[in-house]
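# Examining the three-dimensional arrangement
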Amino acid sequence: MSLSLIRAAAAAVALSATAILAAPATALEIEHDLGKTEVPDAPKRIVVLEYSFVDSLAAVGVAPVGIADDDKRDSIVPAYSEVIGDTWKSVGTRKSPSLEIIASLQPDLIIADTSRHEAIYGALSEIAPTIVFDSLTGTYEVALKAAETIAHAVGKDAEMAARLDEHRKKMEGFKAGIGDVSDLSIQFLIDNGRGIYLHSPVSYNGSLLAWFGFKSNMPAPDGHTYPEAIVQTSLEQLSEIDPQIILRGKYVDPGLIDSWVGLPLYDNLTAVKSGQVVDVAAHEWSRLRGIIASEVSGANLVDVMRQLRD
Amino acid sequence: MSLAVRYALLAAAVLIAALLSLVIGPRSDVGLGNILHLLFVDDGSLARSTVVDLRLPRTLVAGLVGANLALAGLALQAVTRNPLASESILGINQGAALGVAIAVTVPSLMIVNLDVMAIIGAIAAGFLTFTIAGGLTGRLDSIRLVLAGVTVGAFSFACVRFTFTLEDNLSRLVLSWVSADISAVRLAQAGPLALWAALGLAASLLLAQGFNILSLGDGASQGLGVDPRRTRFLGALLAAILTGASVAAAGPVMFVGLVVPHLCRLWFGQNHRHLIPAVALGGAGLVLLADAMSKLVRFPYETPLGTICALIGAPYFLIAAIRARRMA
């Protein structure tokens, strides 16, 4: 065998070796809140650790294999389960998901929340490529942006573009149904029986209500931390903010607010005097965020405004 | 300075702290200028409702919790003859918090109501600590007592912390208990606390002579015909009940039971008959001041009372520790 032939053979071997080694490099590089992560092409086994990521996947018809559903299967509302089915495995609570169960699902992609899961990002990344977005304290715009990136990561760009088009049309429709509310102040709050928690202008719900054109009387905090987005408030502070419409999500019945009925400070709230305190579904409003969730909220708001105007 | 003057000065300080706690708040129509008018004249205004329905209950609860916890701390220090003893060091506070956490997370385990659950938790933790340390009958070893308390406290709090990993809403509920958030208390909660505080003060005064004799040591105590075990048992029970009642109303407020008796001893001496009213007043004053601060730190939003008390208490504990070393 001539020397040149050996050289050529060696080069061929080297070339094919490079090709094999480089194969994962054809995977996508996804930029997210905690850096850049290589994600395999069209991942099949996806684990999500916040409800809004279920929303993003459902929007493009992808079913996750594992969901941090707080160990309550009905926390995945019909709007999602109609698309993703009922075969996902619960991986525990969103706050502290079980790494063991996640690993046992052998995922090829994990989608986690920036503030909730930063501490376990390393451990998650050892299990599978992990991409991270701000769901808990992000705004409506942040949620849409994350949905686009997630769709890109799972190879559904075209589907997401079409879905977002449809979304914008739906949302404009809701906005028209709600009408001009630029002179109406509104406040969404959660009542857990011991305290009330206002969703501030920098929260997801605050930004969504602003998108529909509502005013907020609540001063906008500087940052986007959890206590700035979800602000515990006393009746006295609520009387200072005094919104014209209160959207109330109660986790327990009767709530703390019900114990205030009869107190002059509560009875004289503008929203109370004018009968504009409206109960909405606490779980849907306060925990679900994203494309589908915002459409549910939009449709809900159209009904609420129709009721209030009648 | 005569005893009466010192009491008067302390009472004045408590009144000023109470006034601060009443005046500070997000509504601007309540101020130092009109607070007394709003308190005593029902003019039907929203400012009046703010003061009477929202701020007054809170001020009362803060003051009463302070008095109860300080008295509990004093009783524990007398019973154990250990100046480090207090509800938090002996794990009683944490035990009460565990009682509340169990009731909140597993409602089917609730016995009567949260007050009772907190008191059961406090008594169980106190009993456990004293048993580990050698029991109420035997010789109480200071080091063993503190170690036992730290163990019981750490175990109880570990269980409470476990609930933080549960579902968001549940953990938020427990957290608002554990950080002693009193922003939503109502007048109805101040009633039972006032009753406990009155009973606690009376019981402490009845036990004062016993506490004084205990401080002489078991031998002297027996020589004077007083059974030290009886005083110890009653003192410890009193401390557990006062702590439990306070935790049920406000949550585990740390350090009050340690700091206040210390400061009062510096000013009023070692005689429990003089100390007890001073400690009750001092505890009320400290927590009222902490309540006022809790409204200012993140104005117009609030910081839980427990956080502020810990911020005041921890440095004091450090100073006490350094002083103790110097004394040794």
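Throughout, residues of each chain are indexed from 1 in the direction in which the sequence is written. Here every chain gets a letter starting at A, and every ligand a number starting at 1, in the order they are written. Residues qualify for local features only when their pLDDT is at least 70, as the model is predicted, and side-chain atom pairs are given and counted only at 80 or more; totals for whole chains, interfaces and linings, by contrast, use all residues.

### Observations concerning the sheet that holds strand 3 (residues 46-48) of chain A
All names here are of chain A. DSSP calls a pair of strands paired once it identifies at least 2 bridges connecting them. A run of H or I in DSSP counts as a helix once it spans at least four residues, and a run of E counts as a strand once it spans at least two, with each numbered from the N terminus. In spatial order, the strands read 5-4-3-6-7; together these five strands make up an open sheet with parallel pairing. Because the sheet does not close on itself, it has two edges, and the strands there are strand 5 (89-90) and strand 7 (130-133). Summarising the sheet, strand 4 (residues 66-67) and strand 5 pair through two bridges and their orientation is parallel. Pairing of I67 across the sheet is with S90, part of strand 5. By definition, residues are in contact whenever their C-beta atoms, placed on the basis of the backbone, come within 7 Å of each other. Orientation is described by axes fitted as lines to C-alpha atoms, over the contacting stretch for helices, and by angles from 0 to 180 degrees between their N-to-C directions. Those strands touched by helix 2 (residues 51-59) are strand 3, strand 4 and strand 6 (109-113), and its axis lies near 140° from that of strand 3.

### As for helix 10 (residues 228-250) of chain B
Residues and elements named next belong to chain B. The end-to-end C-alpha distance of helix 10, which contains 23 residues, comes to 33 Å, matching closely the 33 Å that a straight helix rising 1.5 Å per residue would cover. With respect to burial, helix 10 is a largely interior element, 18 of its 23 residues being buried. Immediately downstream of helix 10, the backbone of G251 shows phi near 105°, a positive value. By this rule the span expected of a helix is its residue count minus one, scaled by 1.5 Å. Residues are called buried when their C-beta atom has 20 or more other C-beta atoms within 10 Å, exposed when it has 12 or fewer, and partly exposed otherwise; all C-beta atoms are positioned from the backbone.

### Re the packing of helix 3 (residues 46-80) of chain B against helix 10 of chain B
Residue and element names in this part refer to chain B. Running from amino to carboxyl end, helix 3 crosses helix 10 at an angle of 155°, the nearest separation of the two axes being 8 Å. It follows that helix 3 is roughly antiparallel to helix 10 by the angle criterion. Between helix 3 and helix 10 lies a crossing of left-handed hand. Contacts between helix 3 and helix 10 involve V61, V65, N68, L69, L71, A72, A75, L76, A78 and V79 from the first element and R232, G235, A236, L238, A239, L242, T243, A245, S246, A249 and A250 from the second. Roughly parallel covers angles under 35 degrees, roughly antiparallel covers those over 145, roughly perpendicular covers 65 to 115, and oblique covers all other angles. Two helices that cross are described as forming a left-handed crossing if the nearer one is turned anticlockwise from the farther one by less than a right angle, and a right-handed crossing if clockwise.

### Focus: the interface of chain A and chain B
Taken together, the contact between chain A and chain B spans 20 residues of the former and 22 residues of the latter. Looking at the side of chain A that touches chain B, the elements that each hand over two or more residues are helix 11 (235-241) and helix 12 (264-267) of chain A. Counting residues per element, the side of chain A that touches chain B draws most heavily on helix 11 of chain A, which supplies five residues. Residues were grouped as follows: Ala, Val, Leu, Ile, Met, Phe, Trp, Tyr, Cys and Pro as nonpolar; Asp, Glu, Lys and Arg as charged; and all remaining residues, including Gly, as polar. Here the residues of the side of chain A that touches chain B are counted per class, giving seven nonpolar, eight polar and five charged.

### Comments concerning the domain arrangement of chain A
All names here are of chain A. Segmentation into domains, and thus their bounds, comes from an automatic or database assignment. Each assigned domain of chain A is listed here: domain 1 (27-155) and domain 2 (171-309). Across the boundary between the two partners, domain 1 contributes 21 residues, which contact 20 residues of domain 2. Among the elements of the structure, helix 2, helix 3 (78-84) and helix 7 (140-153) are those that each provide at least two residues to the side of domain 1 that touches domain 2. For the side of domain 1 that touches domain 2, the element with the highest residue contribution is helix 2, accounting for six residues.

### Thoughts on the environment of L256(A)
Secondary-structure assignment places L256(A) in the loop between strand 11 (245-250) and helix 12. Taking C-alpha positions, L256(A) is 5.8 Å from R194(A), a pair spaced 62 residues apart along the chain. Ignoring any residue separated from it by four or fewer positions in sequence, one finds L256(A) in contact with D191(A), G193(A), R194(A), G195(A), I196(A) and A184(B).

### As for the pairing of strand 10 (residues 230-233) of chain A
Residue and element names in this part refer to chain A. Of the two faces of strand 10, the one carrying I230 and Q232 and the one carrying V231 and T233 are both buried. Here strand 9 (residues 196-199) runs beside strand 10; their pairing, made up of four bridges, is antiparallel. Among the inter-strand pairings, Y197 is bridged to a residue of strand 10, identified as Q232.

### Details of helix 9 (residues 204-211) of chain A
Residues and elements named next belong to chain A. The element helix 9 is extensively covered by neighbouring structure, given that six of its eight residues are classed as buried. Here helix 9 has its buried residues at Y204, N205, G206, S207, L208 and L209. Those residues of helix 9 hidden inside the fold are in contact with helix 7, strand 8 (186-191), strand 9, helix 14 (282-287) and helix 15 (291-309). Just beyond helix 9, the residue with positive phi is G213, at close to 105°.

### A closer look at the sheet that holds strand 9 of chain A
Neighbouring strands of a sheet are bound in pairs by backbone hydrogen bonds; such pairs are parallel or else antiparallel. All names here are of chain A. Sheet architecture is open: five strands sit in the order 10-9-8-11-12, paired in mixed fashion. Where the open sheet ends on each side, the last strands, each with one partner, are strand 10 and strand 12 (277-280). Here the average twist between neighbouring strands, direction ignored, is 30°.

### What about the nonpolar core?
For this entry, the nonpolar core is defined as buried Ala, Val, Leu, Ile, Met, Phe, Trp, Tyr and Cys residues connected by C-beta atoms within 7 Å. With 105 residues, the main nonpolar core has V61(B) and V100(B) as its most contacted residues. At 16 residues, helix 3 of chain B tops the list of elements feeding residues into this core. Among the nonpolar cores identified, the runner-up in size contains 75 residues, and I46(A), A147(A), L189(A) and L269(A) belong to it.

### A word on the confidence of the model for chain B
Residue and element names in this part refer to chain B. As a per-residue quantity, pLDDT reports the predictor's confidence and falls between 0 and 100. When pLDDT is averaged along chain B, the result is 87, and 97% of the positions lie at 70 or above. Mean pLDDT across the secondary structure elements of chain B bottoms out at helix 9 (residues 218-223), with 77, and peaks at helix 1 (residues 3-23), with 95. Interface scoring of the predicted complex returns ipTM 0.79; its pTM is 0.83.

### Concerning the pairing of strand 9 of chain A
Residues and elements named next belong to chain A. Neither face of strand 9 is left uncovered, since the one carrying I196 and L198 and the one carrying Y197 and H199 both have all their residues buried. For strand 8 and strand 9, the ladder comprises three bridges, and the chain directions are antiparallel. Among the inter-strand pairings, D191 is bridged to a residue of strand 9, identified as I196. Here strand 8 hands over to strand 9 after four residues, with G193 in that stretch at a positive phi of 95°.

### Some words on the packing of helix 4 (residues 92-105) of chain B against helix 5 (residues 114-132) of chain B
Residue and element names in this part refer to chain B. Two elements in contact, helix 4 and helix 5, have axes whose closest approach is 7 Å; the angle formed by their N-to-C orientations is 140°. By the angle between their directions, the pair helix 4 and helix 5 is classed as oblique. Read as a crossing pair, helix 4 and helix 5 show a hand that is right-handed. Taking contact as the criterion, the partners of I92, Q94, G95, A96, L98, G99, V100, I102 and A103 in helix 4 are, on helix 5, L114, M117, A118, I120, G121, A122, A124, A125 and G126.

### Considering the environment of Q276(A)
Residues and elements named next belong to chain A. Inspection of the secondary structure assignment puts Q276 in the loop between helix 13 (270-273) and strand 12. Judged by the 19 C-beta atoms lying within 10 Å of it, Q276 is partly exposed. Residues Q276 and K89, spaced 187 residues apart in sequence, show a C-alpha to C-alpha distance of 41 Å. Ignoring any residue separated from it by four or fewer positions in sequence, one finds Q276 in contact with Q244, I245, I246, A271 and L308.

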